[in-house]
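Survey of secondary and tertiary structure
Single-letter residue listing:
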Amino acid sequence: MKRFNRKLRFRHIILGILALLMFAAFSFEIQGGTMPKMEITLNGIANGGTVSLMEIVPIYAGFVSIVTTQGESAEVVLNRLADEVCGSDLFNWGRPLKPRPQFVKVTGNTLTLPSVGFRYCFSGTDKGFAIPKPMLSVSGTYDAEKQQVSLYWIIPGEQYDTIISGPEALSPHATNCVYEVKPSERRIFSAPWVIGKRGEAYSPPAGVAISTNAQEELDTFPFYMGIAPNWSSWSEGTNAAAFNCEQGIKPDVDMRVRGDSWDKPFYQILKTTKAGVQGGVWRRFLGLKPGHTYKVEVRLNTLQMDACTNEWAFSFHAAYDYPSGQGLTTNQLAGVAALPDGSKGPAAGRVVLYGPGVTTKGQWEKRSTDKAGPGLEIKNITLPEKVTSITVWLRHSGANSTGVGMDWIRLEDVTGSR
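The model shown is predicted, which means the values in this text are computed figures rather than measured ones. (Residues numbered from 1 in each chain as written. Predicted model: local features only at pLDDT ≥ 70, side-chain atom pairs only at ≥ 80, totals over all residues. Heavy atoms only, no water.)

**Observations regarding the side chain of His317**
As for its placement among the helices and strands, His317 is situated in strand E22 (residues 312-320). Classification of His317 as buried rests on a relative accessible area of 0%. A distance of 2.9 Å separates a polar side-chain atom of His317 from the backbone oxygen of Ala348. (Helix = DSSP H or I, 4+ residues; strand = E, 2+ residues; numbered from the N terminus. Buried < 20%, exposed > 50% of the residue type's maximum accessible area, 1.4 Å probe, protein only. Polar contact = N/O pair within 3.5 Å; in protein donor to acceptor, adjacent residues only side chain to side chain.)

**As for the packing of aromatic side chains**
Within this structure, the stated rule accounts for four aromatic pairs. Among the aromatic residues, ring-to-ring pairing joins Phe63, Phe223 and Phe266 into one connected group. Over the ring of Trp364 we find Lys250, and its NZ or CZ is 5.1 Å from the ring centre. (Phe/Tyr/Trp six-rings, centres within 6.5 Å; stacked < 30°, edge-to-face > 60°. Lys NZ or Arg CZ within 6 Å of the ring centre and 35° of its normal.)

**Section: the pairing of strand E26 (residues 390-398)**
In terms of burial, E26 is largely enclosed, as eight of its nine residues are buried. Here six bridges tie strand E20 (residues 278-285) to E26, and the two strands are oriented antiparallel to one another. Residue pairing across strands places Arg284 opposite Thr391, the latter belonging to E26. Bridge count between E22 and E26: nine bridges; the pairing is antiparallel. (Pairing = 2+ DSSP bridges.)

**Here we look at empty space enclosed by the protein**
Per the stated rule, a full pass over the model turns up five cavities of 30 Å³ or more. Estimates place the volume of the largest cavity at around 100 Å³. Those elements that place two or more of their residues in the lining of the largest cavity are strand E19 (266-272) and strand E27 (404-413). Here the residues of the lining of the largest cavity sort into nine nonpolar, one polar and four charged. (1 Å grid on protein atoms, 1.4 Å probe; cavity = no way out; pocket = protein on both sides within 12 Å on 5 of 7 lines; lining within 4 Å. Points joined across faces, edges and corners; volume = space filled by probe spheres on them. Nonpolar A, V, L, I, M, F, W, Y, C, P; charged D, E, K, R; others polar.)

**Notes on unusual backbone geometry**
Backbone geometry at Met225 places phi at a positive 55°, although glycine is not the residue there. Positionally, Met225 belongs in the loop between strand E16 (214-216) and strand E17 (232-236). Positive phi outside glycine occurs at Leu303, with the angle close to 55°. Along the chain, Leu303 turns up in the loop between strand E21 (293-301) and E22. Relative accessible area serves as the criterion here: at 16%, Leu303 is assigned to the buried category.

**Details of the sheet that holds strand E4 (residues 105-107)**
Taken in spatial order, the three strands line up as E1-E5-E4 in an open sheet, and their pairing is antiparallel. Unpaired on one side and paired on the other, strand E1 (37-41) and E4 mark the two borders of the sheet. Averaged over all neighbouring strand pairs, the angle between strand axes comes to 25°, with direction disregarded. (Axes fitted to C-alpha atoms, helices over the stretch in contact; angles between N-to-C directions.)

**Concerning helix H2 (residues 74-86)**
With 13 residues, H2 should reach 18 Å at 1.5 Å per residue; the first-to-last C-alpha distance of 18 Å fits that figure. Residues Ala74, Val77, Leu78, Leu81, Ala82, Val85 and Cys86 constitute the buried set of H2. Buried residues along H2 cover an arc of 160° about the axis, so they all sit on one side. Where the residues of H2 are buried, they touch strand E2 (49-56), strand E3 (63-68), E4, strand E5 (110-114) and strand E6 (119-124). (Expected span 1.5 Å × (residues − 1). Arc of directions from axis to C-beta. Contact = heavy atoms within 4.5 Å.)

**Topic: the nonpolar core**
Judged by nonpolar contacts, the single largest core of 77 residues is most densely connected at Leu53, Leu81, Phe122, Leu300, Phe316 and Val392. Of all the elements, H2 adds the most residues to this core, at seven residues. If we skip the residues at most four places from it in the chain, Leu300 touches Phe314, Phe316, Val352, Tyr354, Thr360, Gln363, Trp364, Glu365, Leu394, Gly405 and Met406. Core analysis: the second largest hydrophobic core is formed by 17 residues, Tyr160, Ile163, Val181 and Val208 among them. (Core = buried A, V, L, I, M, F, W, Y, C linked by side-chain atoms within 4.5 Å.)

Take a look at the structure:
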């Protein structure tokens, strides 16, 4: 169920004004014949899956997706995407562009699109195309006194020519950056993203929305290989193939509305198909302050698991990392090895636990480290000396699972709060 309030309505008004301004500039350039263009390439042959094309903008990103067939050429896939793009009202062009206009064209493995001050990239699950992997665990803070945004991220073992963060082009090995943000620009640039570029191909973006004392995931970007931006998968057991990550799409979300956590169209699905296997997804929040206390909030859904008659479990966990900066291992995520604070077992670091008889009944339910609920074993997390990061993770197990979901997470610095 959506929640509307004055702040949210104002945010949507601002987003609408931005979209109208972009559309006005776009229409003017069409009529004046000076349309700026951008070329984006897709290399490879379809293996079967999905391919998504999206705008890279901090808010209100447009996107389309198609299902591919094994053996389709890049040219065929791009032509299908071009038709979808021109028929969509999600892109920041203000309206569909049917029939396909002259400035949207496909030449071999290259797609030419209008460039209204932003870039495009591909994502999806089709492994036949050479789409660079996205950055992981993008985290950020805003210093109101210095009027600076600091970003941190993890490079996913991918070779890039350059890394781009907001307005900055960085070294291919960069893992952080700082840039100035004026108070008047904070609403526009409060959700910065990080992407990698290899050749003419851009990775899917990963970002985080930043306020003075909190950060949260509000992105609307299609998932890469079934995993939400910023997150990585993990699994433990004798048959890793029995654990799957998928992208879910909410049926009741207006795809043209962006800017609030309830407007996110995509959510993470976890499934296990055999007993004795458990897995999930994890991310880290980086660049935190030792000695500070952090609250973690997450929104979960057990979806259709009320109908499951087998034993199953779905839990969310959080724990601080090591002073060395090292994150957690798979054995620690699985509850087999002790966490840095010494706790061990299925309940270590646990914020919530669902299972047979204890579910969300198909609704999205917010849980946090400061509010009692089923399975809560920890409180808000205070970082020890020299520790600057927190790992959060989901864990799911059960034979023939129909899937459990997560759609949002937020980390807030509550140091000094009562």
